[in-house]
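Per-entry structural report
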Amino acid sequence: QYQALQFVAIEDPEPLAPFPVGSVRWLQRYALSVFYFSLSGDGWDQCGQRDSGCSQEKIWMRGPECDWFGVSCQNGIVTELFFGSTTGNGLKGTLPKEIRLLTRLRELVLPNNDIPGTIPDTYGSLTNLEVFAVNGNQMTGTIPESLIANAPLLGTLFVSRNAFSGSMPNVFTLTNLISVGFQGNNFNGTIPLEIGSLTQLRLLQLQENQFHGNIPSTLYKLTLLESVRLADNHLVGTFSSEIGKLTNLKSIDIGGNQLSGQIPSVVGSLTGVTRLELDRNKFYGSLPGTLDNLTNLRTLRMNGNLLNGTIPEGLLTSLTKLTDLALEENNLTGTIPASTCGRVGETAVSLQVLTVDCNKVECDCCTNCELEEGENQERM
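This one's a predicted model, so the numbers in the text were calculated from it and none came from an experiment.

Glancing now at the side chain of Asp 357. Here Asp 357 shows up in strand 23 (residues 353-357). Among buried Asp, Glu, Lys and Arg side chains, Asp 357 stands out as unpaired, with Lys 360 the closest opposite charge at 4.4 Å. In this structure the side chain of Asp 357 is engaged in a polar contact, spanning 2.8 Å, whose partner is the backbone nitrogen of Glu 329. Polar side-chain contacts of Asp 357 include one of 3.0 Å to the backbone nitrogen of Asn 330. Ignoring any residue separated from it by four or fewer positions in sequence, one finds Asp 357 in contact with Leu 327, Glu 328, Glu 329, Asn 330 and Glu 370.

What follows is the structure, encoded as structure tokens:
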């Protein structure tokens, strides 16, 4: 804060004479300066003051702030702080509470950096937020209720791959919410029934947490859902046939739970699905014959269940786009046909992963064979 104040008051090369202390322009330049110093701006990968490879107008702490790398403005007012690279920008330090001064901010996007600490409660003043993304950092604590309660326009909320804890954040009044990414944290408790109120939701990522209980029945009201990922929690109960109502689904991942019962045949009606992962549960019975309707499938993982019966031939011959098929650690029997073996390879369109229990299923081309418990045999 002292460095930022000294910069704005004394060192700033940008003339601020027309903008008195406390004006919108002065406050946003001060807030951005605190952001820079709090997150070790001199060491950023791109466009810190010491980056000789950055174009001059994009370098932070020089010239108009609306030209700085990652900053977008509308009519001279900051509306976006966007550092949306898959490798981050080398931001290191804690989020400063002064960001609250950027009251017109619509997008705060800071993924894949080195930001520990908590989200300041003061971010509840960011009432125009539409996108908030701090995924892939080292943040802890809970998601401030004020951040959610005061941002009715929020459509994207990504906090995945941190160490946030507590119950699932109360996002259920956010009627514009399209994408939720809570993956890879320490959230716990049950998935609330109120999730059914998020009727605009397309993406739901809750995997790799500590959620328990049943998959809420209200989830099947979210008819716009395209991807639902609940893997690696402690969920119990069955995989409801109500899944058939979610006709826009492209990805289903509920692996690594304690779900049981039979796999509903209605799953075969979801012809847009490209990824179906039901592995590492306690599903029993035979593989539904309707699975061969899923001709867009690229990944099918059923391994680690209690499935029995013969592998349907149609599943192996009809699903010609499969690149990953895992059926091992079950009680399935049958033969992998030559036409399927002919697709095994390492190209992008080949069947790259094909695993079965080779002591029960005849397979001359499997990439990995499960034999007896604790043994396997690499084929490729």
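Next up on the list: the pairing of strand 10 (residues 186-190). For a regular strand, the rule is simple: side chains alternate between the two faces of the sheet. The pairing of strand 8 (residues 163-167) with strand 10 spans three bridges and is classified as parallel. Paired with Gly 166 across the bridge in strand 10 is Phe 187. One ladder, built from three bridges, connects strand 10 with strand 12 (residues 210-214); its direction is parallel. Note on strand 12: the bridge partner recorded for Asn 188 is Gln 210.

Relative to the elements of secondary structure, Leu 249 occurs in the loop between strand 14 (234-236) and strand 15 (251-253). For Leu 249, a relative accessible area of 1% corresponds to the buried category. Measuring from C-alpha to C-alpha, the distance between Leu 249 and Asp 364 comes to 34 Å, with 115 residues separating the pair along the chain. Excluding its chain neighbours within four sequence positions, the residues that come into contact with Leu 249 are Leu 225, Glu 226, Ser 227, Val 228, Ile 243, Leu 270, Gly 272 and Val 273.

Calculation notes
Residues take numbers from 1 onward in each chain, read along the sequence in its written order. Per-residue local features are limited, in this predicted model, to residues with pLDDT of at least 70; the limit for side-chain atom pairs, both in listing and counting, is 80 or more; totals at the level of whole chains, interfaces and linings are taken over all residues. The side-chain quantities take in all heavy atoms of the structure and omit both hydrogens and water. Strands here are runs of E lasting at least two residues and helices are runs of H or I lasting at least four, both read from the DSSP assignment and numbered beginning at the N terminus. Per-residue accessibility, obtained with a 1.4 Å probe over protein chains only, is compared with the maximum for each type, and a residue is labelled buried under 20%, exposed over 50%, and partly exposed between these values. Charge counting follows a simple rule: Lys and Arg are positive, Asp and Glu are negative, and His as well as the terminal groups are ignored. Just to be clear on terms, a salt bridge is a Lys or Arg side-chain nitrogen sitting within 4 Å of an Asp or Glu carboxyl oxygen. Polar contact criterion, stated in full: a pair of N or O atoms within 3.5 Å, where within protein one must be able to donate a hydrogen and the other to accept it, and residues adjacent in sequence count only if both atoms are side-chain atoms. It only takes one pair of heavy atoms within 4.5 Å for two residues to be counted as in contact. Two strands make a pair as long as DSSP finds a minimum of two bridges between them.

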